[in-house]
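The chain contents come next:
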Amino acid sequence: MKNELTDKIDTAKRACLRCYKQKKHELEEKEIAKQNIRQAFTILNETYDKKRKDDTITSDQINSLKKAKTLCLDALEACETCSKEKPKIKEMLSIIK
């Protein structure tokens, strides 16, 4: 799970950076970034649900998973409203690992 999540987040950050560096909006890069954020959110949500059902989750894990899920949703919203001033997704998702 962790490798798959890391791959999705890294792909989203790279696509964000490529979109940011291009002078005109490249919808392909933006869509790649958004798709990978959605997939990362899904992975985090499934992990949260599975651990909660198995009663193998601590309060620290609950808080970190909730924070990561919120960051994914915030990054998705930031991508939607991006004016290419800075690579928002890359900056926001840098703290998830």
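The structure we're discussing is the one just above.
All values derive from a computational prediction rather than experimental measurement.

A. Seen up close, the overall build of the chain. Assigned secondary structure in the chain consists of four helices and zero strands. Put simply, the chain has 97 residues, and 36% of those count as buried. In the structure as shown, the chain presents an accessible area of about 6,200 Å², 49% of it carried by carbon and sulfur atoms. Charge centroids of the chain, computed over 23 positive and 17 negative side chains, lie 3 Å from each other.

B. Geometry of the environment of Ala33. You can see Ala33 is positioned in helix H2 (residues 27–54). C-alpha separation for the pair Ala33 and Ala75, spaced 42 residues apart in sequence, amounts to 9.7 Å. In this structure Ala33 touches Ala12, Ala15, Cys16 and Ile89, once residues within four positions along its chain are discounted.

C. Structural context of the environment of Gln39. With respect to the helices, strands and loops of the structure, Gln39 is situated in helix H2. In this structure Gln39 comes out as partly exposed when scored by relative accessible area, which is 27%. A polar atom in the side chain of Gln39 sits 2.9 Å from the side chain of Lys8.

D. A look at the side chain of Glu29. By the secondary structure assignment, Glu29 is in helix H2. With relative accessibility at 12%, the residue Glu29 sits in the buried group. Not counting residues within four places of it along the chain, the set of residues in contact with Glu29 comprises Ala15, Arg18, Cys19 and Gln22.

E. Up close: unusual backbone geometry. Residues other than glycine seldom take positive phi values, yet Lys84 does so here, at roughly 65°. Relative to the helices and strands, Lys84 is located in the loop between helix H3 (59–80) and helix H4 (88–92). Residue class for Lys84 comes out buried when judged on its relative accessible area of 14%.

Definitions and limits used
- Residues numbered from 1 in each chain as written.
- Predicted model: local features only at pLDDT ≥ 70, side-chain atom pairs only at ≥ 80, totals over all residues.
- Heavy atoms only, no water.
- Helix = DSSP H or I, 4+ residues; strand = E, 2+ residues; numbered from the N terminus.
- Buried < 20%, exposed > 50% of the residue type's maximum accessible area, 1.4 Å probe, protein only.
- Areas by Shrake-Rupley, 256 points an atom, 1.4 Å probe, with all protein chains shown as cover.
- Lys, Arg positive; Asp, Glu negative; His and termini not counted.
- Charge placed at Lys NZ, Arg CZ, Asp CG, Glu CD.
- Contact = heavy atoms within 4.5 Å.
- Polar contact = N/O pair within 3.5 Å; in protein donor to acceptor, adjacent residues only side chain to side chain.

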